[in-house]
Amino acid sequence: MKTDAVKKVVIAGGGTAGWIAAATLSKAFGHKLEICLIESDDIPTVGVGEATIPPLLSLHKILELDEREFLASVKGTFKLGIQFENWREQGDQYIHSFGWAGKDSYACGFVNFWLAGLRQGINIPYGDYCVEHLAARLNKFAILPSANLNYAYHFDAGCYAKLLRTHSEKRGVQRIEGKIAQVNTHVHNGFIKELVLESGNVVNGDLFIDCTGFRALLIEQTLHTGFIDWSHWLPCDRAVAVQTEAVGEPIPYTRAIAHEAGWRWRIPLQHRVGNGLVYCSRYLTDEQATEKLLNSIEGEPLNTPRVIQFRTGTRTKHWNKNCVALGLASGFLEPLESTSIHMIQRSVLRLLQLFPSEEILQDSVDEFNAQTSLEVERIRDFIILHYCVTERNDSAFWQHCRTMELPESLRRRIELFKKTGRVFKGDSELFGEESWIQVMLGQGIVPAAHHPFADAMPSGELASFLAKIRESTRNRVGQLPLHADFIAHYCAVQK
Ligand SMILES: Cc1cc2nc3c(=O)[nH]c(=O)nc-3n(C[C@H](O)[C@H](O)[C@H](O)COP(=O)(O)OP(=O)(O)OC[C@H]3O[C@@H](n4cnc5c(N)ncnc54)[C@H](O)[C@@H]3O)c2cc1C
């Protein structure tokens, strides 16, 4: 089907998704592409989404954001991973760090050597072989050529959108303030033609990016694209969030603390802490969840707790006709592994790679959708893993999680690791072997076997190989300053 050439892009919505899209497209095309973004001061952004994962650094390189200025303006801290508390069982904890433990060999991953050591009585936590893990535990951080840590950020979502707005406007993006009241489509092909604002202003375009959050005003309310519901695997459907005063020094990791009907996050920023309780409304009311959250926070609340409703799942198509959905408009997997902002980044870059030379081609649309769906499904599996591999049996929620039928792709992966200690990263997967290993071990799987290659090493040699890695890990972490001291020197917010 022939459509008009794409000369003008209209972004509906100015949360994190809208402004990442605006910043990235304007960086790529500058004034050669007309880009406008519509947002309404009367419709607040979701106001959460403050923990990230390492690939964000590569987006910032593309956008040429100076790291120190960025962190000072978003009041950010560094993140080396997530500490999961009470997930395997109450009182238990482990860290999923962004680092790699030990040294892999050509035949098998380090976990096999660690397992061989375990069977010889060398019972030392897996995380002791990983710099990021140990640094997180000891509250240390620095950017040093000799330490070369894999890290991400915690940031204030409102400040982040503002920063990206400034960059986008400098590169020619036109921001239009106003509420979209109506979306008109072309009669002949159903493509979106124009957005009509409450003011009567009409904004037309060739390609529309739906960043209107859970409302999904274009992709769903207008184009009725459809939604794949994954709530049978990811049953949490609400969160209550509150910001609190910072108490103590910020730690370089997010905390994800399980409770009887979900979990709670704690995200340390320079000036405050973001807190939220994620839950399944079948097992906990909003009032109970709010009370539970307020009983668990450490500093004084800075705002009134706010309940956010969601449904876990994804759009059947992320690009439909001349509309691409980004952010919450494209679906939501719940925030356990901080993957949503990453998916915005991935989809914007994918859109850029498939950006129409002239008109929108169905082949490009299909490719975009196939790649996005595969990526989201793999992330979904990784998140389900945290819930289904557990020894918790203390509530109806956890009973459900322990006994639910799993996606086949996840079931096979868990079985392979359980029986052999092997795990493989598939094509276009976000989470690599090391993430799967850390979470599977953390959730309590001890593989029944390991690769025979690890047994080829004589036992004395294996012990000294493992000891050397632990020593070098300790030495590298030993050079690092405290996280708070590094922030003070590198990117402190100007008071
Ligand atoms: C509880 C929770 C915790 C989360 N935590 C994380 C996390 O730690 N890490 C992470 O990566 N992600 C997280 N996410 C996801 C993350 O918050 C979002 O991916 C991100 O904020 C992008 O949101 P958005 O821009 O799609 O939507 P929103 O922030 O909701 O923005 C929607 C925009 O659309 C505009 N809009 C809507 N309707 C109209 C209209 N009619 N006219 C004009 N404008 C309109 C609004 O004004 C607003 O600007 C979390 C999400 C939830 C729900």
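Residues numbered from 1 in each chain as written. Predicted model: local features only at pLDDT ≥ 70, side-chain atom pairs only at ≥ 80, totals over all residues. Heavy atoms only, no water.

Chemist: Looking at this structure, how should I read the overall build of the protein?
Modeler: When helices and strands are counted, the protein shows 14 helices and 21 strands. Computed over the C-alpha atoms, the radius of gyration of the protein is 23 Å, within 12% of the 23 Å expected from 2.2 N^0.38 for a compact globule of 495 residues. Scored against the burial criterion, the 495 residues of the protein give a buried share of 58%. Look at the contacts in the protein between residues 6 or more apart in sequence, and 78% of them connect residues 24 or more apart. Element-wise, carbon and sulfur atoms account for 49% of the exposed surface of the protein, whose accessible area totals about 20,600 Å². Both charge centroids of the protein, one from 52 positive and one from 57 negative side chains, sit 2 Å from each other. (Helix = DSSP H or I, 4+ residues; strand = E, 2+ residues; numbered from the N terminus. Rg over C-alpha atoms; globule rule 2.2 N^0.38 Å. Buried < 20%, exposed > 50% of the residue type's maximum accessible area, 1.4 Å probe, protein only. Contact = heavy atoms within 4.5 Å. Areas by Shrake-Rupley, 256 points an atom, 1.4 Å probe, with all protein chains shown as cover. Lys, Arg positive; Asp, Glu negative; His and termini not counted. Charge placed at Lys NZ, Arg CZ, Asp CG, Glu CD.)

Chemist: How should the pattern of salt bridges be read in this particular structure?
Modeler: A side chain with one charge may pair with a side chain of the opposite charge, provided their charged atoms come close. Taken as a whole and assessed by the stated rule, the structure comprises 26 salt bridges. Two residues, E391 and R88, come together in a salt bridge whose shortest N-O distance is 3.1 Å. Here the residue E391 occupies a position in the loop between α9 (362-388) and α10 (396-403), and R88 occupies one in the loop between β4 (81-85) and β5 (93-97), the gap between them amounting to 303 residues. The exposure class of R88 is partly exposed, given its relative accessible area of 25%. Where E169 meets R165, a salt bridge forms, and the shortest distance between an N and an O atom there is 3.4 Å. You can see E169 and its partner R165 sitting in helix α6 (residues 157-170), four residues apart, about one turn around the helix. Residue E169 is classed as partly exposed on the basis of its relative accessible area of 33%. Each of E39, D41, R175 and E177 takes part in one network of salt bridges that share partners. (Salt bridge = Lys/Arg side-chain N within 4 Å of Asp/Glu carboxyl O.)

Chemist: What is the right way to read the side chain of S40 from this model?
Modeler: Among the structural elements, S40 can be located in the loop between β2 (34-39) and α2 (56-63). Owing to a relative accessible area of 13%, S40 belongs among the buried residues under this scheme. A polar contact of 3.1 Å, which involves the side chain of S40, links it to the backbone nitrogen of D42. Not counting chain neighbours up to four residues away, the residues in contact with S40 comprise E177, G178 and K179. (Polar contact = N/O pair within 3.5 Å; in protein donor to acceptor, adjacent residues only side chain to side chain.)

Chemist: Looking at this structure, how should I read the packing of α2 against helix α8 (residues 340-353)?
Modeler: Helix-helix packing: each pair is described by the crossing angle between the helix axes and the interaxial distance. Two numbers describe how α2 lies on α8: the axes approach to 10 Å, and their chain directions differ by 45 degrees. Between α2 and α8, the angle falls in the class oblique. Of the two elements, α2 crosses α8, and the hand of that crossing is left-handed. The segment α2 lies against α8, with L56, S58, L59 and I62 engaging I341, Q345 and L349. Split by residue class, the contact of α2 with α8 holds five nonpolar, two polar and no charged. (Axes fitted to C-alpha atoms, helices over the stretch in contact; angles between N-to-C directions. Parallel < 35°, antiparallel > 145°, perpendicular 65-115°, else oblique. Left-handed = near helix turned anticlockwise from the far one by under 90°. Nonpolar A, V, L, I, M, F, W, Y, C, P; charged D, E, K, R; others polar.)

Chemist: Sorry, what's going on with the domain arrangement of the protein here?
Modeler: Interfaces are often sized by the accessible area lost when the parts come together. For the protein, the domain assignment lists domain 1 (8-50 + 156-229 + 313-360) and domain 2 (75-153 + 238-309 + 390-495). The distance between the C-alpha centroids of domain 1 and domain 2 comes to 32 Å. Domain 1 puts 14 residues into the contact, and the matching count from domain 2 is 23 residues. Taken together, the connections running from domain 1 to domain 2 amount to two salt bridges. (Domains from an automatic or database assignment.)

Chemist: Is there a simple way to explain the sheet that holds strand β1 (residues 8-12) in this structure?
Modeler: Strands belonging to one sheet form pairs held by backbone hydrogen bonds; the direction of such a pair is parallel or antiparallel. Across the sheet, six strands lie side by side as β7-β2-β1-β11-β20-β19; this open sheet has mixed pairing. Because the sheet does not close on itself, it has two edges, and the strands there are β7 (174-177) and β19 (319-320). As judged from the four bridges shared by β2 and β7, these two strands associate in the parallel manner. Counted as the bridge partner of L37 is R175 from β7. (Pairing = 2+ DSSP bridges.)

Chemist: How should the packing of aromatic side chains be read in this particular structure?
Modeler: Pairs of aromatic rings are described using the distance from one ring centre to the other and the angle between the two planes. Summed over all chains, the structure comprises 36 aromatic pairs. Both rings, one in W87 and one in W398, keep their centres 5.7 Å apart while their planes meet at 90 degrees; by these two values the pair is edge-to-face. Taken as a pair, W87 in the loop between β4 and β5 and W398 in helix α10 lie far apart in primary sequence, 311 residues in all. Exposure class is identical for W87 and W398. Each is buried. Through a chain of ring-to-ring contacts, the aromatic side chains of F70, F78, F141, Y151, Y153, F155, Y160, F486 and Y490 assemble into a single cluster. (Phe/Tyr/Trp six-rings, centres within 6.5 Å; stacked < 30°, edge-to-face > 60°.)

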